[in-house]
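Here is how the chains run, residue by residue.
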Amino acid sequence: MASSSANRDSGIKWTAKENKDFEEALAEFDKDTPDRWSNVARAVGTRTVEEVKKHYEVLLEDLNKIESGKVPLPNYKTT
């Protein structure tokens with residue numbers, strides 16, 4: 001899931017709807033899709049190609065941190 005915090009590049013916060021649209025567009029337009037980032041930006045509707053590319057880079061950075069153990073998993077209580 002993409003972060004809803006301020007975009008590290010532009011400082012402009014992504015809304016929950018933008019993140020949802022972004023995630024759905026990533027599922028629809030995979031890495032082999034021609035003009036992938038133009039399609040993703042069009043699907044989000046409120047972001048430029050450069051903004052969606054940067055948001056994707058931030059997402060990958062976050063995933064790498066999580067997978068490398070640099071971000072602790074939450075301690076969920078079981079009931």
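Residues numbered from 1 in each chain as written. Predicted model: local features only at pLDDT ≥ 70, side-chain atom pairs only at ≥ 80, totals over all residues. Heavy atoms only, no water.

A. Main features of the packing of helix α1 (residues 16–28) against helix α3 (residues 49–67). At their nearest, the axes of α1 and α3 sit 12 Å apart, and the two run at 85 degrees to each other. In terms of orientation, α1 and α3 fall into the roughly perpendicular class. In contact with Asn 19, Phe 22 and Leu 26 of α1, α3 contributes Val 52, His 55, Tyr 56 and Leu 59. Considering only residue class, the contact of α1 with α3 consists of five nonpolar, two polar and no charged. (Axes fitted to C-alpha atoms, helices over the stretch in contact; angles between N-to-C directions. Helix = DSSP H or I, 4+ residues; strand = E, 2+ residues; numbered from the N terminus. Parallel < 35°, antiparallel > 145°, perpendicular 65-115°, else oblique. Contact = heavy atoms within 4.5 Å. Nonpolar A, V, L, I, M, F, W, Y, C, P; charged D, E, K, R; others polar.)

B. Looking closely at the packing of aromatic side chains. Counted according to the given criterion, the structure contains two aromatic pairs. With centroids separated by 5.5 Å and ring planes inclined at 70 degrees, the aromatic side chains of Trp 14 and Phe 22 adopt a geometry described as edge-to-face. Each member of the pair, Trp 14 as well as Phe 22, carries the same accessibility label: buried. The positively charged end of Arg 36 is found above the aromatic ring belonging to Tyr 56, 5.2 Å away from the centroid. (Phe/Tyr/Trp six-rings, centres within 6.5 Å; stacked < 30°, edge-to-face > 60°. Buried < 20%, exposed > 50% of the residue type's maximum accessible area, 1.4 Å probe, protein only. Lys NZ or Arg CZ within 6 Å of the ring centre and 35° of its normal.)

C. Highlighting the environment of Val 52. Considering the arrangement of structural elements, one finds Val 52 in helix α3. Take Val 52: its relative accessible area is 0%, and that puts it in the buried class. Along the sequence, Val 52 and Phe 22 sit 30 residues apart, while their C-alpha atoms lie 7.8 Å from each other. Not counting residues within four places of it along the chain, the set of residues in contact with Val 52 comprises Trp 14, Phe 22, Trp 37, Val 40, Ala 41, Val 44 and Arg 47.

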